Amino acid sequence: MTRLVGFVHRSHLLKFLIVGGLSFAIDLGLLVLLHEGFGVDLWFATPAAFLASLVFNYFVQRSYTFQSNNRQHVSMFRYGLLVVFNVFATDIIVNLFDSLALTYAGGKVVATVSTMTWNFFLYKYWIFRTDARNSGKDQQDDSEFSPTAADG
């Protein structure tokens, strides 16, 4: 059990997935509430729900998952660039699924899996990259990606 707790503590990927799951729940819940509950058009409800969940995601990924010590305005700017791209990608995918009668919720799942894939690497190596000069220590353990971790 101690090894499992240690792995979770060190694993950027696992923490990223947990926070991402919470963000997705916020996103989909708000999307359904806005669209089904209040009758808001998908072209507005989709990006509004997505952006609300991203505020939560930014702060929790920065402080919990990647424990970033880089300058916040730098990571926030980079995150903002990625958000703009993700908003357009998500809106297009959700509305494409809806127009093909595949349901907007199914489109939301596909959009989330797609954005999650590239987001992990961009968060880890570009947006929330730890600046060793500011902390006096190296980045967190990357054992979930090292060949030796898979061997042992």
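Residues numbered from 1 in each chain as written. Predicted model: local features only at pLDDT ≥ 70, side-chain atom pairs only at ≥ 80, totals over all residues. Heavy atoms only, no water.

Focus on the packing of helix H2 (residues 12-38) against helix H5 (residues 104-127)
Now for step 1: For the pair H2 and H5, interaxial distance at closest approach is 11 Å and the crossing angle is 145 degrees. Here the hand of the crossing between H2 and H5 comes out right-handed. Residues His12, Leu13, Phe16, Leu17, Phe24, Asp27, Leu28, Leu31, Val32, His35 and Glu36 of H2 touch H5, and the partners they reach there are Tyr104, Lys108, Val109, Thr112, Met116, Asn119, Phe120, Tyr123 and Lys124.
Now for step 2: Taken together, the residues of the contact of H2 with H5 break down into 12 nonpolar, four polar and four charged. (Axes fitted to C-alpha atoms, helices over the stretch in contact; angles between N-to-C directions. Helix = DSSP H or I, 4+ residues; strand = E, 2+ residues; numbered from the N terminus. Left-handed = near helix turned anticlockwise from the far one by under 90°. Contact = heavy atoms within 4.5 Å. Nonpolar A, V, L, I, M, F, W, Y, C, P; charged D, E, K, R; others polar.)

Some points on the layout of surface pockets
Now for step 1: By volume, the largest pocket is sized at about 290 Å³.
Now for step 2: Lining the largest pocket are 19 residues; nearest its centre among them are Gly20, Ser23, Asn57, Thr112 and Met116.
Now for step 3: For the lining of the largest pocket, the secondary structure elements donating two or more residues are H2, helix H3 (42-65) and H5.
Now for step 4: If you tally residues by element for the lining of the largest pocket, the top one is H2, at seven residues.
Now for step 5: The residue inventory of the lining of the largest pocket, partitioned by class, reads eight nonpolar, 10 polar and one charged. (1 Å grid on protein atoms, 1.4 Å probe; cavity = no way out; pocket = protein on both sides within 12 Å on 5 of 7 lines; lining within 4 Å. Points joined across faces, edges and corners; volume = space filled by probe spheres on them.)

Describing unusual backbone geometry
Now for step 1: Of note, glutamine 67 is a non-glycine position whose phi angle comes to about 40 degrees, a positive value.
Now for step 2: By the secondary structure assignment, glutamine 67 is in the loop between H3 and helix H4 (72-99).
Now for step 3: Here the phi dihedral of threonine 103 falls at roughly 75 degrees; this positive angle occurs in a residue that is not glycine.
Now for step 4: Mapped onto the secondary structure, threonine 103 falls in the loop between H4 and H5.
Now for step 5: Residue threonine 103 is classed as partly exposed on the basis of its relative accessible area, which comes to 45%. (Buried < 20%, exposed > 50% of the residue type's maximum accessible area, 1.4 Å probe, protein only.)

Notes on H5
Now for step 1: Counted at 1.5 Å a residue, the expected span for H5 with its 24 residues is 34 Å, but the 29 Å between its end C-alpha atoms falls short.
Now for step 2: Taking the largest bend as the criterion, H5 deviates by roughly 30 degrees, centred on asparagine 119.
Now for step 3: Residues of H5 that are buried sit in contact with H2, H3 and H4. (Expected span 1.5 Å × (residues − 1). Bend = angle between axes of the 7 residues up to and from the residue.)

As for the confidence of the model for the protein
Now for step 1: Looking at the protein as a whole, its pLDDT mean stands at 84, while 82% of the residues score no less than 70.
Now for step 2: Ranking the helices and strands of the protein by mean pLDDT puts H2 first, with 94, and helix H7 (residues 147-151) last, with 42.
Now for step 3: Counted against residues more than four places away or in other chains, residues 136-152, with its pLDDT under 50, gives 22 contacts. (pLDDT = per-residue confidence, 0-100.)

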